[in-house]
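Listed here are the chains, written in short residue letters.
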Amino acid sequence: MHKILKRGTVFFTIAAMLIIPLGSEALAQTYMEQKQPDAGAMVADFFLLRPLGLVTLITGFTVFVLSAPFSALGGNINTAWDKMAVDPAKFTFARPLGVF
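What comes next is a walk through the structure. In this text the structure is predicted, and so the values were computed from the model without any measurement.

### Overview of the overall build of the chain
Then, number 1: Broken down by element type, the chain carries three helices and zero strands.
Then, number 2: Ordered by position in the sequence, the α and β elements of the chain form the string α-α-α.
Then, number 3: Buried positions account for 16% of the 100 residues belonging to the chain.
Then, number 4: Once local pairs closer than 6 in sequence are excluded, the contacts in the chain between residues at least 24 apart make up 74%.
Then, number 5: As displayed, the chain offers around 8,300 Å² of accessible surface, 74% of which is attributable to carbon and sulfur atoms.

Structure below.
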């Protein structure tokens, strides 16, 4: 019984070592292919997501200002600034229209 289990484990390990690199290459290829956004995505982005991003930016900046003393005491003011103000600003203003 031990011999069968050992052979099965070796076979599974070899099969995994051969199959996993092929799968990761396929995932990387689909990740690298960027599709052009269609008109519907651009319209939805312009009328829904950009205003929502602007509201998120204003809310995040307000929360950052209110929590800045606590962030400074905790030593993570740069992280708080990045997450509450910079990321929403990039989402709202720096990305191409229709790309989420």
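Further notes follow.
### Focus: helix 2 (residues 39-74)
Then, number 1: Compared with an ideal rise of 1.5 Å per residue, which puts 36 residues at 52 Å, helix 2 spans 45 Å between its outermost C-alpha atoms and falls more than 12% short.
Then, number 2: For helix 2, the full list of buried residues reads Ala41, Asp45, Arg50, Gly53, Leu57, Gly60, Phe64, Ser67, Ala68 and Ser71.
Then, number 3: The elements touched by buried residues of helix 2 are helix 3 (77-94).
Then, number 4: Positive phi appears at Gly75, one or two residues downstream of helix 2, with a value of about 80°.

### Description of a nonpolar patch on the surface
Then, number 1: A cluster of nonpolar side chains, contributed by Met42, Val43, Phe46, Phe47, Leu48 and Leu97, occupies part of the molecular surface with about 600 Å² of accessible area.
Then, number 2: Locating Val43 in the fold gives a position in helix 2.

### Focus on helix 3
Then, number 1: Taken as a whole, helix 3 carries its principal kink of about 35° at Lys83.
Then, number 2: Here helix 3 has its buried residues at Ala80, Ala85, Pro88 and Thr92.
Then, number 3: Elements in contact with the buried residues of helix 3: helix 2.

### Quick word on the packing of aromatic side chains
Then, number 1: In total, this model carries three aromatic pairs according to the counting rule given.
Then, number 2: Aromatic pair Phe61 and Trp81: ring centres 6.1 Å apart, planes at 75°, arrangement edge-to-face. With Phe61 in helix 2 and Trp81 in helix 3, this pair connects stretches of sequence that are 20 residues apart.
Then, number 3: Judged by centre distance (5.1 Å) and plane angle (65°), the ring pair of Phe64 and Trp81 falls under edge-to-face. With Phe64 in helix 2 and Trp81 in helix 3, the pair connects residues that are 17 residues apart, well separated along the chain.
Then, number 4: An aromatic cluster is defined as three or more aromatic residues linked by ring pairs; in this entry it consists of Phe61, Phe64 and Trp81.
Then, number 5: The residue whose ring lies beneath Arg95 is Phe91, and the NZ or CZ to ring-centre distance is 4.0 Å.

### Here we look at the packing of helix 2 against helix 3
Then, number 1: Here helix 2 crosses helix 3 at 170°, and the two axes come no closer than 8 Å. Classified by the angle between their axes, helix 2 and helix 3 sit roughly antiparallel to one another.
Then, number 2: Classifying every residue of the contact of helix 2 with helix 3 by side-chain character gives 17 nonpolar, six polar and one charged.

What counts, and where the lines are drawn
- Residues numbered from 1 in each chain as written.
- Predicted model: local features only at pLDDT ≥ 70, side-chain atom pairs only at ≥ 80, totals over all residues.
- Heavy atoms only, no water.
- Helix = DSSP H or I, 4+ residues; strand = E, 2+ residues; numbered from the N terminus.
- Buried < 20%, exposed > 50% of the residue type's maximum accessible area, 1.4 Å probe, protein only.
- Contact = heavy atoms within 4.5 Å.
- Areas by Shrake-Rupley, 256 points an atom, 1.4 Å probe, with all protein chains shown as cover.
- Expected span 1.5 Å × (residues − 1).
- Patch = residues over 30% accessible without salt bridge, like charges linked within 9 Å, V, L, I, M, F, W, Y side chains within 5 Å.
- Salt bridge = Lys/Arg side-chain N within 4 Å of Asp/Glu carboxyl O.
- Bend = angle between axes of the 7 residues up to and from the residue.
- Phe/Tyr/Trp six-rings, centres within 6.5 Å; stacked < 30°, edge-to-face > 60°.
- Lys NZ or Arg CZ within 6 Å of the ring centre and 35° of its normal.
- Axes fitted to C-alpha atoms, helices over the stretch in contact; angles between N-to-C directions.
- Parallel < 35°, antiparallel > 145°, perpendicular 65-115°, else oblique.
- Nonpolar A, V, L, I, M, F, W, Y, C, P; charged D, E, K, R; others polar.

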